[in-house]
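# Structure at a glance
Each chain is listed here by its residues.
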Amino acid sequence: QKEVEQNSGPLSVPEGAIASLNCTYSDRVSQSFFWYRQYSGKSPELIMSIYSNGDKEDGRFTAQLNKASQYVSLLIRDSQPSDSATYLCAVNPKALYNQGGKLIFGQGTELSVKP
Amino acid sequence: GAGVSQSPSNKVTEKGKDVELRCDPISGHTALYWYRQSLGQGLEFLIYFQGNSAPDKSGLPSDRFSAERTGGSVSTLTIQRTQQEDSAVYLCASSPRAGGAQETQYFGPGTRLLVL
């Protein structure tokens, strides 16, 4: 079982719709979770970080975390063609958050927003 | 302010040659990470430096790979006797000292390595 799993996609949504990206992780002690966006040929850029169960909203983006189910998701409201990219879920496997260290990345979900 | 910088941006080498990849972290960031991303693959952790602590080398795939960080700033990743399977994008990231949101890792543009 992979440590961090994502559907590879592609996920295609029409412009203005809600895009829902999902991620599951295997290490129950993980405490820190991140969503990165990566445009083709570019390096990853941070979209959201989340540490506590529940929802965290930032503009059109909402991250959702459920530690009991070992599940983290990213919702993108009012999707735009410029949101078309690969979205990477990353987990810090350390038991205590804010301890730094390596991130374990999923394979990424390719999102395509059609005008 | 300036982000993470990496050089060279592209490197083509012949199988069996050694290569050195350089990373300049964001000024003031004490943590530095190396990852690699192969075509169609996710990001794979290689090594992590935090201040003066011993580096976490748990992700290095073989003893042909090594990295150092001099003066707590610039880092060099060295691959000896390169193989074709080493072809990938090598990404460096840095983060401030751990605490609050400060563990966020910021990535450089990467070095695209092609081993012929």
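Everything below is about the structure printed above this text.
Notes on the structure in this doc start here. (Residues numbered from 1 in each chain as written. Chains lettered and ligands numbered in written order. Predicted model: local features only at pLDDT ≥ 70, side-chain atom pairs only at ≥ 80, totals over all residues. Heavy atoms only, no water.)

## Quick notes on the state of the cysteines
Condition: Two cysteine sulfurs form a disulfide in these notes if their separation is within 2.5 Å. Runs of E in the DSSP output that reach at least two residues are strands. Runs of H or I that reach at least four are helices, and both are numbered from the N terminus. Here's how the labels work: a residue is buried when its accessible area is under 20% of the maximum for its type, exposed when over 50%, partly exposed in between, all with a 1.4 Å probe on protein chains only.
Tallied over the full model, the rule gives 2 disulfides over all chains. Disulfide pairing is shown between Cys23 of chain A and Cys89 of chain A; the S-S distance is 2.1 Å. Of note, the bridge from Cys23 of chain A to Cys89 of chain A carries an S-S torsion of about -70° and is left-handed in sense. One end of the pair, Cys23 of chain A, is in strand E3 (residues 19-25); the other, Cys89 of chain A, is in strand E9 (residues 85-92), and 66 residues separate them in sequence. On the basis of relative accessible area, Cys89 of chain A is assigned to the buried category, the value being 0%. Across a sulfur-sulfur distance of 1.9 Å, Cys23 of chain B and Cys92 of chain B are joined as a disulfide pair. Judged by the sign of its S-S torsion, about -65°, the cystine formed by Cys23 of chain B and Cys92 of chain B is left-handed. Within this pair, whereas Cys23 of chain B is found in strand E3 (residues 19-24), its partner Cys92 of chain B is found in strand E8 (residues 88-95), the two being separated by 69 residues in sequence. You can call Cys23 of chain B buried: its relative accessible area is 0%.

## Here's the deal with the nonpolar core
Operational definition: Residues belong to a common nonpolar core when they are buried Ala, Val, Leu, Ile, Met, Phe, Trp, Tyr or Cys residues joined through side-chain atoms within 4.5 Å.
Of all hydrophobic cores here, the largest spans 24 residues; its most connected members are Trp35, Val72, Leu74, Ile76 and Tyr87 of chain A. Elements that contribute at least two residues to this core include exactly E3, strand E4 (32-38), strand E5 (45-50), strand E7 (61-66), strand E8 (71-76), E9 and strand E11 (109-114) of chain A. The next biggest cluster of nonpolar side chains, apart from the first, holds 20 residues, and it includes Ile26, Phe49, Ala67 and Leu77 of chain B.

## Focus on the interface of chain A and chain B
The condition is simple: Residues count as neighbours in contact if any of their non-hydrogen atoms are within 4.5 Å of one another. Computed with a 1.4 Å rolling probe, the buried area is the accessible surface lost when two parts are put together, summed over both parts. A side-chain nitrogen of Lys or Arg and a carboxyl oxygen of Asp or Glu constitute a salt bridge if their distance falls within 4 Å. Whenever two N or O atoms come within 3.5 Å, that pair is a polar contact, provided that in protein one can donate a hydrogen and the other can accept it, and provided that, for residues adjacent in sequence, both atoms are side-chain atoms.
With 22 residues of chain A at the contact, the number on the chain B side is 23 residues. Here chain A packs against chain B, burying approximately 1,700 Å² in sum over the two surfaces, 50% of which is carbon and sulfur. On the surface where chain A and chain B come into contact, there are 0 salt bridges. Counting every contact that joins chain A to chain B gives 6 residue pairs in polar contact (both at pLDDT 80 or more).

## Description of the pattern of salt bridges
Close approach of charged atoms allows side chains with opposite charge to pair. All names here are of chain A. Summed over the entire model, instances satisfying the criterion amount to 6 salt bridges over all chains. Residues Asp83 and Arg60 are paired through a salt bridge, measuring 2.9 Å at the closest nitrogen-oxygen approach. Here the residue Asp83 occupies a position in the loop between E8 and E9, and Arg60 occupies one in the loop between strand E6 (54-58) and E7, the gap between them amounting to 23 residues.

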